[in-house]
Number of protein chains: 2
Amino acid sequence: YAPTRCAAAQTSAEQGVLPPCHHHEAVHDPQLVPCTCPLFSCPWEGHLEVVVPHLRQTHRINILQGAEIVFLATDMHLPAPTDWIIMHSCLGHQFLLVLRKQEKYEGHPQFFATMMLIGTQTQADNFTYRLELNRNQRRLKWEATPRSVLECVDSVISDGDCLVLNTSLAQLFSDNGSLAIGIAITTSKVHNAENDA
Amino acid sequence: YAPTRCAAAQTSAEQGVLPPCHHHEAVHDPQLVPCTCPLFSCPWEGHLEVVVPHLRQTHRINILQGAEIVFLATDMHLPAPTDWIIMHSCLGHQFLLVLRKQEKYEGHPQFFATMMLIGTQTQADNFTYRLELNRNQRRLKWEATPRSVLECVDSVISDGDCLVLNTSLAQLFSDNGSLAIGIAITTSKVHNAENDA
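Parameters at a glance
- Residues numbered from 1 in each chain as written.
- Chains lettered and ligands numbered in written order.
- Predicted model: local features only at pLDDT ≥ 70, side-chain atom pairs only at ≥ 80, totals over all residues.
- Heavy atoms only, no water.
- Helix = DSSP H or I, 4+ residues; strand = E, 2+ residues; numbered from the N terminus.
- Buried < 20%, exposed > 50% of the residue type's maximum accessible area, 1.4 Å probe, protein only.
- Contact = heavy atoms within 4.5 Å.
- UniProt positions renumbered as here; feature names shortened; annotations may be inferred.
- Salt bridge = Lys/Arg side-chain N within 4 Å of Asp/Glu carboxyl O.
- Buried area = accessible area lost by both parts, 1.4 Å probe.
- Polar contact = N/O pair within 3.5 Å; in protein donor to acceptor, adjacent residues only side chain to side chain.
- Nonpolar A, V, L, I, M, F, W, Y, C, P; charged D, E, K, R; others polar.
- Pairing = 2+ DSSP bridges.

Asker: What am I meant to see in the environment of A:Gly66 here?
Answerer: Residues and elements named next belong to chain A. Assignment of secondary structure puts Gly66 in the loop between strand E3 (63–65) and strand E4 (68–73). Judged by relative accessible area, Gly66 falls into the partly exposed class, the value being 29%. Considered as a pair, Gly66 and Ser188 are 122 residues apart in the sequence and their alpha carbons are 17 Å apart. When sequence neighbours within four positions are dropped, the list of residues in contact with Gly66 reads His88, Ser89 and Cys90.

Okay, structure coming up:
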């Protein structure tokens, strides 16, 4: 359950800027997807079906399997910006969890966590993801529809439409500098209703 | 379900400072409790049993009853600092919900929500409270042990040990400027385990 951090995270920290999101501009063939590894200005692009092998092989991002998994993000003290990334294989699809430490307000790093489907938004709308923190008699749960990796993770995070943790909450939920994030994916209620009919 | 805002909130905003928390210094008789209405430097003090009538009569704070209630905080756009306060009567006890809009970082107001038992911390340890926001296919849940009103709500909020919402999340969960907060109180697992034994 060790996380894979993008190698470029530290580079970005040294430059003090986040790379801009080129996703939509860079894709000329609508069937081609840019590399979805955040904080990494990777020139790769390919079809959706080969995003997963690219992320595994080039960026060494691990895949966890199962309906409910626990992702352990270590070294939460690392300076912002830093990303923790894992793929989650579930219900016949692959999802990308991005946990980002970022200073929206200078000197006050926050943690942002979101889940994206390696697929289209129409496919993503069929699912609900849940992120759960549970420690010290406190529990925090965030549930939402995953976004498609065709969207830019930077804009999801800058919109704040994700699980947001300030440093003090992150510390309350951390154990020895590591944050255990429970992840569950379910089919969304629209589909359950169809099954019931 | 209309909220009661402390009359002093606007006064504090004009002064630009939060009043310091005098609770522990002011209480000479350990059986006496200061007024627990946040943002209000009320000189009242009395025994725990008469805190509820004081809050109702002097500060016009409403009481909602039931195991699961919904508190509708209106006018979320009001400038920080502003408090929304309600009492919740449940399982033979009264709880105080405090929702506070405050600028920890200048120009970036956040919302902080916590629940306190009008009783001692030993009594509070028997309960778990849950705050839930649910709108636009997103759900955010916070569960924790309530604090005692003998503690200072200011320190709970400055510690960040509560539900924290930035402005963008608050807007996602708001409807027409109002935030509906689902509140549930249960006896904590320690007691459930005793019941099972």
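The structure having been displayed, the exposition proceeds.
Asker: I'm lost on the UniProt feature "domain: Seven-in-absentia protein TRAF-like" (unreviewed entry) in chain A in this one. Help?
Answerer: Under the local residue numbering, the UniProt record ascribes the feature "domain: Seven-in-absentia protein TRAF-like" (unreviewed entry) to residues 89–183 of chain A. Across residues 89–183 of chain A, helical content stands at 19% and strand content at 58%; the span's end C-alpha atoms are separated by 11 Å.

Asker: Just checking my understanding: could you explain the pattern of salt bridges for this structure?
Answerer: Between side chains of opposite charge, a pair can form as their charged atoms come close. Per the counting criterion, the structure on display carries 19 salt bridges over all chains. If you follow the salt bridges from partner to partner, you end up with A:Glu143, B:Glu68, B:Arg130, B:Glu132 and B:Arg139 in one network.

Asker: What is the right way to look at the interface of chain B and chain A in this model?
Answerer: A common measure of how large an interface is: the accessible area buried when the components associate. Between chain B and chain A, the contact holds 25 residues from the first and 25 residues from the second. Together chain B and chain A conceal approximately 2200 Å² of surface at their shared face, both sides included; 48% is due to carbon and sulfur atoms. For the pair chain B and chain A, the interface holds 3 salt bridges. Linking chain B with chain A are 7 residue pairs in polar contact (both at pLDDT 80 or more). Breaking the side of chain B that touches chain A down by element, the ones donating at least two residues are strand E7 (108–117), strand E9 (138–144), strand E11 (163–166) and helix H6 (167–173) of chain B. Considering each element in turn, the side of chain B that touches chain A owes the most residues, 7 residues, to E9(B). A breakdown of the residues in the side of chain B that touches chain A according to their chemical character gives 10 nonpolar, 7 polar and 8 charged. As paired strands, strand E9 (residues 138–144) of chain A and E9(B) are joined by 5 bridges and run antiparallel to one another.

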